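Residues per chain are reported as follows:
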Amino acid sequence: MSKKSLRVAVCGATGAVGREMLKVLEQRDFPATEVVPFASSRSAGSSVPFKDAELTVRELKEDSFQGFDLALFSAGGGTSLKFAPLAAKAGCVVVDNSSAWRMDPEVPLVVPEVNPDHLERHKGIIANPNCSTIQMVVALKPIHDEAKIKRIVVSTYQAVSGTGHKAIVELETQVRRLFNGQDVVPDVYPYQIAFNCLPQIDVFLDNGYTKEEMKMVNETIKIMGDDSIRVTATTVRVPVFYGHSEAVNIETEEKLTAEECRLLLAKAPGVTVVDYPEKKAYPMAVHAAGEDDVFVGRIREDESIDKGLNLWIVADNIRKGAALNAVQIAEELLRRDLVRVP
Ligand code: A2P
């Protein structure tokens, strides 16, 4: 960590992820000499809590990045497309939480426990993967290294906080209205989310999958750096505030027993195994919320094939799935002396 001054911009600081980024920077005592929150003109002049102070939110503009070393973005894809290159041009390294840059071959897509070396070739912008992908690859990378994963079949149960602050308010409002015998009018989601499950996250593509499902397919391959892995996904929005859950089935080249898998994951970075069926102990969103680790349980051998496993993977989508992963990337950049645009 050779930098004497380290000025950090948090872009989208009033949103669900932006606020969490500020919290994570504070909790991990990130060595910034200054942290400045940015958002749209709508919230310029408002304040966000950071350490013992309230920071005044500034409007994000073309010339905002002068003098900044690092920018953490979570302000939507359009904002990232426009502002991330301007930041990089001004010498400010961007860690972007949107999907805008993830599949750009010039942009590393990084989960620090999985592919930190990809940071070495950054050109100013680093992408933070999709929340569902992050928690899955943290759990699957050690298994892939040990037994080589051939195929992944994943179904997700995703919390509304992944859609942002407005979606959290929508679920709260719908629950309250339904309990009071009132109608609900969906706004953020196409249908009622309270007491319902929506098998659509993001828009449908020509192949019949949703954009979220194809993110899981394509991002997993890019992060793992292995295009021989076959991936298929069904992503579902559920009426949970915080914490994504995933039922994951894998087929491996080498046989791995459930017990071997448990032992392997128990020593994997960023993973906590919670797998005691006799005590009804397994990972759950309500326990994962607010935590940093990826929780894995319900580890079973898939009895329908020779070499397969079923796992239940849960993590806080706003922390490990977004804000924490972004800050961990920033920490890894510092450790490697890579907070500079080449
Ligand atoms: P604002 O509060 O001013 O709208 P979420 O994902 O929770 O909805 O949060 C989105 C974040 O992105 C908010 O901080 C929001 O700011 C910010 N944002 C949205 N559009 C822009 C923009 N054009 N420029 C800067 N920040 C933006």
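Everything below is about the structure shown above.
Not measured: the values here are computed from a predicted model. (Residues numbered from 1 in each chain as written. Predicted model: local features only at pLDDT ≥ 70, side-chain atom pairs only at ≥ 80, totals over all residues. Heavy atoms only, no water.)

Undergrad: I keep staring at helix α8 (residues 319-335) and nothing clicks. Help me out?
TA: Helical periodicity: at 3.6 residues per turn, an α-helix aligns residues three or four positions apart in one direction. Here α8 contains 17 residues, and its C-alpha end-to-end distance of 21 Å is more than 12% below the 24 Å for a straight helix at 1.5 Å per residue. Roughly 40° is the biggest bend found in α8, and it falls at Asn-325. With 16 of 17 residues buried, α8 lies mostly within the body of the structure. (Helix = DSSP H or I, 4+ residues; strand = E, 2+ residues; numbered from the N terminus. Expected span 1.5 Å × (residues − 1). Bend = angle between axes of the 7 residues up to and from the residue. Buried < 20%, exposed > 50% of the residue type's maximum accessible area, 1.4 Å probe, protein only.)

Undergrad: Hey, could you run me through the layout of surface pockets in this one?
TA: Using a probe with the size of a water molecule, rolled over the atoms, empty space left in the structure can be pinpointed. A volume near 1,400 Å³ is recorded for the largest pocket. Contributing to the lining of the largest pocket are 50 residues, with Ala-75, Gly-76, Gly-162, Thr-163 and Gly-164 lying nearest its centre. Among the secondary structure elements, those contributing two or more residues to the lining of the largest pocket are α1 (16-27), β2 (34-39), α2 (77-89), α4 (165-179), α5 (211-224) and α8. For the lining of the largest pocket, a count of residues per class yields 17 nonpolar, 24 polar and nine charged. Here the second largest pocket defines a volume of roughly 240 Å³. Around the second largest pocket sit Gly-15, Ala-16, Arg-19, Glu-20, Leu-22, Lys-23, Glu-26, Pro-49, His-165, Ile-168, Tyr-242 and Ile-318, which together line it. Taken together, the elements giving at least two residues each to the lining of the second largest pocket come down to α1 and α4. (1 Å grid on protein atoms, 1.4 Å probe; cavity = no way out; pocket = protein on both sides within 12 Å on 5 of 7 lines; lining within 4 Å. Points joined across faces, edges and corners; volume = space filled by probe spheres on them. Nonpolar A, V, L, I, M, F, W, Y, C, P; charged D, E, K, R; others polar.)

Undergrad: Would you take a moment to explain the site of the ligand for this structure?
TA: Within the structure, the ligand sits among 15 residues, and Thr-14, Ala-16, Ser-40, Arg-42 and Ser-43 are positioned closest to it. A distance of 3.1 Å separates an oxygen atom of the ligand from a polar atom in the backbone of Gly-12. The contact in question runs from an oxygen atom of the ligand to an N or O atom on the side chain of Ser-43, over 2.3 Å. Contact with the protein chains covers 71% of the free accessible surface of the ligand, which is 570 Å². Among the residues forming the shell around the ligand, the class breakdown is five nonpolar, nine polar and one charged. (Near = heavy atom within 4 Å. Polar contact = N/O pair within 3.5 Å; in protein donor to acceptor, adjacent residues only side chain to side chain. Areas by Shrake-Rupley, 256 points an atom, 1.4 Å probe, with all protein chains shown as cover.)

Undergrad: Please explain the packing of aromatic side chains as it appears in this structure.
TA: Here the distance between the centres and the angle between the planes together describe a pair of aromatic rings. Taken as a whole and assessed by the stated rule, the structure comprises four aromatic pairs. With centroids separated by 5.8 Å and ring planes inclined at 75°, the aromatic side chains of Phe-38 and Phe-68 adopt a geometry described as edge-to-face. With Phe-38 in strand β2 and Phe-68 in the loop between β5 (58-59) and β6 (70-73), this residue pair connects regions lying 30 residues apart in the sequence. The exposure class assigned to Phe-68 is buried, which follows from its relative accessible area of 3%. Aromatic pair Tyr-157 and Trp-312: ring centres 5.3 Å apart, planes at 65°, arrangement edge-to-face. With Tyr-157 in strand β9 (residues 149-158) and Trp-312 in strand β14 (residues 308-315), the pair connects residues that are 155 residues apart, well separated along the chain. Of the residues examined, Tyr-157 reaches a relative accessible area of 35% and is grouped as partly exposed. Directly above the ring of Phe-68 sits Arg-7, whose terminal nitrogen or CZ lies 4.2 Å from the centroid. Positioned above the aromatic ring of Tyr-276, the side-chain terminus of Lys-279 is 5.0 Å from the ring centre. (Phe/Tyr/Trp six-rings, centres within 6.5 Å; stacked < 30°, edge-to-face > 60°. Lys NZ or Arg CZ within 6 Å of the ring centre and 35° of its normal.)

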